[in-house]
Amino acid sequence: MLKINENYLKLPGSYLFSTIAKKVKEFSEMNPDKKIIRLGIGDVTLPLAPAIITALHDAVDEMAKKETFKGYSPDLGYEFLRQTIIEHDYNSRGVTLALDEVFISDGAKSDSGNIQEIFDVNCKIAVCDPVYPVYVDSNVMAGRTGEYLTDAGRWTNVIYMPCKKENNFAPELPEDTPDLIYLCFPNNPTGATITKSELQKWVDYANNAGAVIIYDAAYEAYISEEDVPHTIYECENAKSCAIEIRSFSKNAGFTGTRLGYTVIPKELKVGDVMLNSLWARRHGTKFNGAPYIIQAAGAAVYSEEGKRQTGEQIAYYMNNARVIREGLQSAGFSVSGGVNAPYIWLETPKGMTSWEFFDYLLLNANVVGTPGSGFGPSGEGYFRLTAFGTLENTIEAINRIKQL
Ligand SMILES: *Cc1c(COP(=O)(O)O)cnc(C)c1O
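In this text, all values refer to a predicted model and were calculated from it rather than measured experimentally.

Trainee: What exactly am I supposed to notice about the side chain of serine 378 here?
Mentor: Along the chain, serine 378 turns up in the loop between strand 16 (370-371) and strand 17 (382-386). Among the polar contacts made by the side chain of serine 378, one reaches the side chain of aspartate 129 at a distance of 2.7 Å. Every residue in contact with serine 378, bar those within four places of it in the chain, is listed here: Asp129, Pro130, Pro162, Cys163 and Lys164.

Trainee: Can you help me understand the domain arrangement of the chain in this one?
Mentor: By a widely used convention, the size of an interface equals the accessible area lost when the partners come together. Assigned domains of the chain: these are domain 1 (12-47 + 305-402) and domain 2 (53-303). Of note, the centres of domain 1 and domain 2, computed from C-alpha atoms alone, are 25 Å apart. The contact between domain 1 and domain 2 buries some 2700 Å² in all, and 59% of this surface belongs to carbon and sulfur atoms. The three residues of domain 1 that bury the most area against domain 2 are Asn340, Phe375 and Ser378, which together make up 23% of that side's buried surface. Inspection of the region where domain 1 meets domain 2 yields 1 salt bridge. Where lysine 165 meets glutamate 347, a salt bridge forms, and the shortest distance between an N and an O atom there is 3.2 Å. Summed over the shared surface of domain 1 and domain 2, the result is 16 residue pairs in polar contact (both at pLDDT 80 or more). Within the residue set of the side of domain 1 that touches domain 2, elements represented by two or more residues are helix 11 (304-330), strand 13 (335-337), strand 14 (343-347) and strand 17. Counting residues per element, the side of domain 1 that touches domain 2 draws most heavily on helix 11, at 7 residues. A class-by-class count of the residues in the side of domain 1 that touches domain 2 yields 14 nonpolar, 10 polar and 5 charged.

Trainee: How should I be thinking about the pairing of strand 17 in this particular structure?
Mentor: Residues in a regular strand point their side chains to alternate faces of the sheet. A large share of strand 17 lies buried, amounting to 5 of its 5 residues. Burial of strand 17 is two-sided: the residues Tyr382, Arg384 and Thr386 facing one way and the residues Phe383 and Leu385 facing the other way are all buried. As paired strands, strand 14 and strand 17 are joined by 5 bridges and run antiparallel to one another. Looking across to strand 17, one finds that tryptophan 345 is bridged to arginine 384. By the bridge criterion, 2 bridges tie strand 16 to strand 17 in an arrangement that is antiparallel. The residue bridging proline 371 from the neighbouring strand is phenylalanine 383, located in strand 17.

How each quantity is defined
Residues numbered from 1 in each chain as written. Predicted model: local features only at pLDDT ≥ 70, side-chain atom pairs only at ≥ 80, totals over all residues. Heavy atoms only, no water. Helix = DSSP H or I, 4+ residues; strand = E, 2+ residues; numbered from the N terminus. Polar contact = N/O pair within 3.5 Å; in protein donor to acceptor, adjacent residues only side chain to side chain. Contact = heavy atoms within 4.5 Å. Domains from an automatic or database assignment. Buried area = accessible area lost by both parts, 1.4 Å probe. Salt bridge = Lys/Arg side-chain N within 4 Å of Asp/Glu carboxyl O. Nonpolar A, V, L, I, M, F, W, Y, C, P; charged D, E, K, R; others polar. Buried < 20%, exposed > 50% of the residue type's maximum accessible area, 1.4 Å probe, protein only. Pairing = 2+ DSSP bridges.

Here you go:
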């Protein structure tokens, strides 16, 4: 008899962003004259940089000629891109990697969602709370999370590591030992980072416990402070416990063109099994490579022009982040993030819940943000604004909030 994978039936029904979309739609239908400003978006808005567009056009032209046409790309990705990544993202930070330790993919969402497949269903996962929902939901699909406790907003088999104002939004080493530890720095949604010596503690902990860290560094390009690590492999002995996931989405605007990569060092073993070989095997079976034209465009991100142009885009977003952070601070809000990440995390005023503040802001300032409770139980009482809008809209939104 045909049956559905029952793990999928456990997934929470109403998804955060669809609930937001519904509320915004209702409000705008009832108030057609109001200009709504969306600072909830987790997507870039500036067009691809000229150097990237040129590389894309050139690659398309290659596809049009018999001599330079490309079919399937190599399983792990083109060498030209993996080599460029290793030089610019790793060698420049004192980290050496072999070409076959880098796996090119169609983005960090799929990699962070898929990587759990190579681990046993009984492995215990630990996540920062609030959390990027993909880490938890992909483990729900795999049947690893136990049951959902609706009132508590949590899964019975997941170790939640609260990240709140009291601990500077940095997780503490869990008492209950996990097998897989998801870390994301700079963090979405809180915008928080940890220092290299703090990250070293996690690496030492994982090596001692025989745990694997899945390190999501999608916002690496937004780091502005000195002692914040750009890659987990800056920490000693990280290669024996950490997988790193990166994306071209937030640093170079590839959210619509899709490109990312995952690093699995050969030192990373569970017993005698090299995770690198397992992932290569999995990649070869379930993934047929990122498109050549997109990988060619990805390499252009690392050219002199590409670096300068994408750097200017990041500076634009981070100026928005500054406008939001400073504006809210001057209006008396308690604010964090927005220094090494395009996310500003604020405490809701007057004891409002995250959703109450969402409604209040939509109704009175016509500004849309994201309720913190949607990212996990410790997100209750917090709210996320993003720096991906236009400068004009960002300034207007903050002025409206100041007048509340
Ligand atoms: C946006 C984001 C990603 C990027 O995903 P892509 O699939 O590469 O677009 C990964 N992790 C986090 C935490 C993100 O916010």
